[in-house]
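What the coordinates show
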Amino acid sequence: MVGAGGIGCELLKNLVLTGFGEIHIVDMDTIDLSNLNRQFLFGMQHIKKSKAMVAKETAGKFNPEVKLEAHHANIKDPEFNVKWFKGFNVVFNALDNLEARRHVNKMCLSADVPLIESGTTGFDGQVQVIKQGKTECYDCTHKAIPKSFPVCTIRSTPSQPIHCIVWAKSYLLVEIFGTSEESSPDLDPTEDSENSREIANLKREAEELKNIRDKMDSPDFAATVFDKVFKADINRLRSMDEMWKSRKPPETLDHQKVSDEAQGIDARVSKSDQKVWSLAENYVVFADSLRRLAERILEMKKNQAEGEVAPIIAFDKDDEDTLDFVAASANLRSLVFGINAKSKFDIKQMAGNIIPAIATTNAITAGLCVLQAFKVLRDDLSSARTVFLSRSADRAFSTEKPSPPNPACGVCSVARTAIDADIEKATLGDLVDKVLRGGLGYGEEITVMTSQLLYDCDFDDNVDRTLKELGFNEETFVTIVDDEDEPRVNMQVVVTNTKFPEDSPPITIPAPFEIPKKPSAKAETPKPVLNGNGTNGSATKRSIEAVIGSDELEVQSNGRDTKKPRRDIVVEDRVPSAKKLGKMPATESDDIVVIDDDGTITID
């Protein structure tokens, strides 16, 4: 079970009480006060302790006969390799982020172990069964990319509270206590000239902030930062007359005036997270959180060992110091630009990308996970279902059979094999000539990649370098692309580092097997079908593609129409026109008209 949060606590309880014999729990997180309203395995006495360890301790009391193993670690750590995944009958995902889900999906496919994927948001939930070669995988359908914001909007012309929050979180905090703003994922350096100018300004201002950081132990540190970002930088923006012809210019803040107004306000005002703070209250929280963060970073530098990377402080929604700083900084900037300020509670949700979580939804979803796992363990995949839970629908549950793998998916629709190699001795040439061409029968036209290009027919510079020199570690995934005229599907080779005797070859050769051809790019597009509401079938389940987490499920549309019609709807070979159903105005054509809007869908 990967993840011991909202769904994870409910799921672990179910697994223990239904008699699963050995359960491994992996979670890298610690318990926070905000978890306790729904993560019932934890109590006040467990705050700041490992979720995995405490979950094992608490759930173990429900059934002492079950063997529980807790791993306070990141599921992406090297110890959790393909061989480790192969040791399980089934894997449950109860995660809250896209990257980790994709990693577990890939590992389960490589280990050929079934995965039960799940997630919730508010009253909505989803459970999906994933089995290599039998069902679609997590990456068979498009997942939404986290929203980014243009630099020019964030830095110069914010118009919404979220713009100011991103500025505080991904620019100001990072520049004072972290790394350069260029590494921030929230800033989108597109190539238009306005953005280019803003990036140049950011680099110049970053240099100024580096100079300010040298004054971190000074008593006027807060005043220096305040004057820089709320006065000097704003005056620079105001000087750009062209920018303010059609919008109201920002107003600078005077440190002396604001600090005088803040006299007598206690810094404990930051505990009032439900109210919107005044200008003076925001300044008090700004100055106090800046002091706390400065003391932390100076202490970290003091204890830094020689040769270690310089310490940084990153934003964490559960870290009061960084949250206070981001909340106060964002609100001060909002006041400068005439934008409504937000409460600390609201800013925590926006900055931390928090999705509403309801304990009842988590409990129902966890129960559905176990029910689907029973079918998988009985090898009765034909009875397995993808299940959707929704309070707003006509029925609480909507189910359908798992969709087949997407033949165009780059993750699951690949051939797979595994080899052992002594990465300190085996070269890339050994991999290409002995394994790929000699063992698997590839021709001259191939491309070999990890996270970087290693080899193709026009690039053979690396053939004499060892695999270790090329960045291979204890377990490395290598993708082989067939570039011949009639190409075969991509191949994924898992290379495991293994020590061989001195007189043995440094790499193993897999037994040859038939690698299927790539499907034709001219595959026929399936016809749209209608659901009971007279809308395109893709607007039901298949358009409810979940980027799902223990506290997160994003609903989005995608173009693959595989939704089965409801049993009470007869779908003819020729799709009836929408106008006959009275759902849209008549047109000259009797073909259904599908209108793509903002992605809002109705769960059937």
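Residues numbered from 1 in each chain as written. Predicted model: local features only at pLDDT ≥ 70, side-chain atom pairs only at ≥ 80, totals over all residues. Heavy atoms only, no water.

1. Thoughts on the overall build of the protein chain
Secondary structure summary: the protein chain contains 14 helices and 16 strands in total. Across the 604 residues of the protein chain, 50% fall into the buried class. A separation threshold of at least 6 residues defines the contact pool for the protein chain, and within that pool the share at least 24 residues apart is 66%. Within the structure as shown, the protein chain displays about 29400 Å² of accessible surface, and the carbon and sulfur contribution to it stands at 50%. (Helix = DSSP H or I, 4+ residues; strand = E, 2+ residues; numbered from the N terminus. Buried < 20%, exposed > 50% of the residue type's maximum accessible area, 1.4 Å probe, protein only. Contact = heavy atoms within 4.5 Å. Areas by Shrake-Rupley, 256 points an atom, 1.4 Å probe, with all protein chains shown as cover.)

2. Some words on unusual backbone geometry
One non-glycine residue, Lys48, lies in positive phi territory at about 80 degrees. Inspection of the secondary structure puts Lys48 in the loop between β1 (22–26) and α2 (51–59).

3. Topic: the environment of Leu173
Tracing the backbone shows Leu173 in helix α6 (residues 161–177). For Leu173, a relative accessible area of 1% corresponds to the buried category. Residues Leu173 and Val326, 153 residues apart in the sequence, show an inter-C-alpha distance of 7.3 Å. With residues near it in sequence (within four places) discarded, Leu173 still touches Ala168, Gly178, Leu293, Ala314, Phe315, Thr322, Phe325 and Val326.

4. A look at the confidence of the model for the protein chain
Taken over all residues, the pLDDT of the protein chain has a mean of 82, while the share at 70 or more is 80%. Here strand β15 (residues 547–549) stands out as the element of the protein chain with the lowest mean pLDDT, 36, in contrast to strand β3 (residues 91–93), whose mean of 98 is the highest. Across residues 180–185 the pLDDT falls below 50, and counting only partners more than four positions away or on other chains, this stretch makes 11 contacts in the model. In this model, residues 523–598 is a region of pLDDT below 50 whose contacts with residues beyond four sequence positions or in other chains number 168 contacts. (pLDDT = per-residue confidence, 0-100.)

5. Topic: the packing of helix α8 (residues 221–238) against helix α10 (residues 279–302)
Interhelical geometry of α8 versus α10 gives an angle of 120 degrees and a closest axis separation of 9 Å. In terms of their interaxial angle, α8 and α10 are classed as oblique. Handedness of the α8/α10 crossing: right-handed. Contact residues: α8 offers Phe221, Ala222, Val225, Phe226 and Phe230, while α10 offers Tyr283, Phe286, Ala287, Leu290 and Ala294. (Axes fitted to C-alpha atoms, helices over the stretch in contact; angles between N-to-C directions. Parallel < 35°, antiparallel > 145°, perpendicular 65-115°, else oblique. Left-handed = near helix turned anticlockwise from the far one by under 90°.)

6. Section: the packing of aromatic side chains
By the definition in use, this model includes 13 aromatic pairs. Judged by centre distance (4.7 Å) and plane angle (65 degrees), the rings of Trp84 and Phe88 are edge-to-face. Judged by its relative accessible area of 21%, Phe88 falls in the partly exposed class. Each ring, one from Phe226 and one from Tyr283, has its centre 5.5 Å from the other, and the planes form 85 degrees; the classification is edge-to-face. Here Phe226 is found in helix α8, whereas its partner Tyr283 is found in helix α10, with 57 residues between them in sequence. This pair shows no difference in class: Phe226 is buried, exactly as Tyr283 is. (Phe/Tyr/Trp six-rings, centres within 6.5 Å; stacked < 30°, edge-to-face > 60°.)

7. Focus on the nonpolar core
If you look at the biggest cluster of nonpolar residues, it comprises 54 residues, and the most contacted ones within it are Ile176, Phe177, Phe221, Phe230, Phe286 and Leu290. Elements represented by at least two residues in this core include exactly α6, α8, α10, α11 (320–336) and α12 (344–351). Here this core gets 11 residues from one element, more than from any other, and that element is α6. Aside from chain neighbours lying at most four places away, what touches Phe177 is Met216, Phe221, Leu290, Leu293, Ala294, Ile297, Ile312 and Ile313. By size, the runner-up hydrophobic cluster in this structure holds 35 residues, among which are Leu12, Phe20, Ala59 and Leu368. (Core = buried A, V, L, I, M, F, W, Y, C linked by side-chain atoms within 4.5 Å.)

8. Quick look at the layout of surface pockets
Empty space among the atoms becomes visible once a probe the size of a water molecule is rolled across them. The space that makes up the second largest pocket amounts to roughly 720 Å³. The wall of the second largest pocket is formed by 28 residues, among which Lys106, Thr450, Ser451, Thr476 and Phe477 lie closest to the centre. Elements represented by at least two residues in the lining of the second largest pocket include exactly α4 (98–111), β13 (475–482) and β14 (491–497). A class-by-class count of the residues in the lining of the second largest pocket yields 10 nonpolar, 11 polar and seven charged. (1 Å grid on protein atoms, 1.4 Å probe; cavity = no way out; pocket = protein on both sides within 12 Å on 5 of 7 lines; lining within 4 Å. Points joined across faces, edges and corners; volume = space filled by probe spheres on them. Nonpolar A, V, L, I, M, F, W, Y, C, P; charged D, E, K, R; others polar.)

9. Here we look at the pattern of salt bridges
Within this structure, the stated rule accounts for 33 salt bridges. Here Glu242 makes a salt bridge to Lys245, at a shortest N to O gap of 3.1 Å. Per residue, the accessibility class of Glu242 equals that of Lys245, and both read exposed. Here Arg296 and Asp321 are joined by a salt bridge, their closest N and O atoms 2.9 Å apart. Pair noted here: Arg296 is in helix α10 and Asp321 is in helix α11, with a separation of 25 residues, a long-range link. Note on Arg296: relative accessible area 29%, which makes it partly exposed. By relative accessible area, Asp321 is classed as buried at 13%. Through salt bridges with shared partners, a single network forms among Asp288, Arg291, Arg292, Glu295, Arg296, Asp319, Glu320, Asp321, Asp324 and Lys344. (Salt bridge = Lys/Arg side-chain N within 4 Å of Asp/Glu carboxyl O.)

10. Some remarks on the sheet that holds β14
Spatially, five strands are ordered β10-β14-β13-β11-β12 in an open sheet, and the strand pairing comes out mixed. The sheet is open, and its two edges are formed by β10 (415–421) and β12 (453–455), each paired on a single side. Direction aside, neighbouring strands of the sheet carry axes that sit 30 degrees apart on average. Strands β10, β13 and β14 of the sheet are contacted by α4, whose axis makes an angle of about 80 degrees with β13. Docked against the sheet, helix α14 (residues 428–439) engages β10, β11 (446–449), β12 and β13, running at close to 130 degrees with respect to β11. (Pairing = 2+ DSSP bridges.)

11. Brief notes about the environment of Ala73
With respect to the helices and strands, the residue Ala73 is situated in the loop between β2 (67–71) and α3 (82–85). Looking at Ala73, the relative accessible area reads 13%, which means it is buried. Apart from the residues lying within four places of it in its own chain, the contact partners of Ala73 are Val26, Asp27, Met28, Glu79 and Phe80.

12. Quick notes on the pairing of β11
With four bridges joining them, β11 and β13 adopt antiparallel strand pairing. If you follow Thr447 over to β13, its bridge partner there is Val481. Examined bridge by bridge, β11 and β12 share two bridges and lie antiparallel to one another. Its bridge partner being in β12, Met449 is matched across the sheet by Leu453. Between β11 and β12, which follow one another and run antiparallel, lie three residues.

13. Quick notes on the sheet that holds strand β9 (residues 397–400)
One key point about sheets: their strands pair by backbone hydrogen bonds, in either a parallel or an antiparallel sense. As summarised here, the arrangement of the five strands in space is β3-β4-β5-β8-β9, forming an open sheet in which the pairing is mixed. Where the open sheet ends on each side, the last strands, each with one partner, are β3 and β9. When strand polarity is set aside, the average angle formed by the axes of neighbouring strands in this sheet is 15 degrees. Sheet topology places strand β8 (residues 386–389) next to β9; four bridges connect them, and they run antiparallel.

14. A few points about α8
Its 18 residues place the ends of α8 25 Å apart at the C-alpha level, agreeing with the 26 Å of an ideal helix rising 1.5 Å per residue. The axis of α8 is deflected most strongly, by about 35 degrees, at Lys228. With 13 of its 18 residues buried, α8 lies for the most part within the structure. (Expected span 1.5 Å × (residues − 1). Bend = angle between axes of the 7 residues up to and from the residue.)

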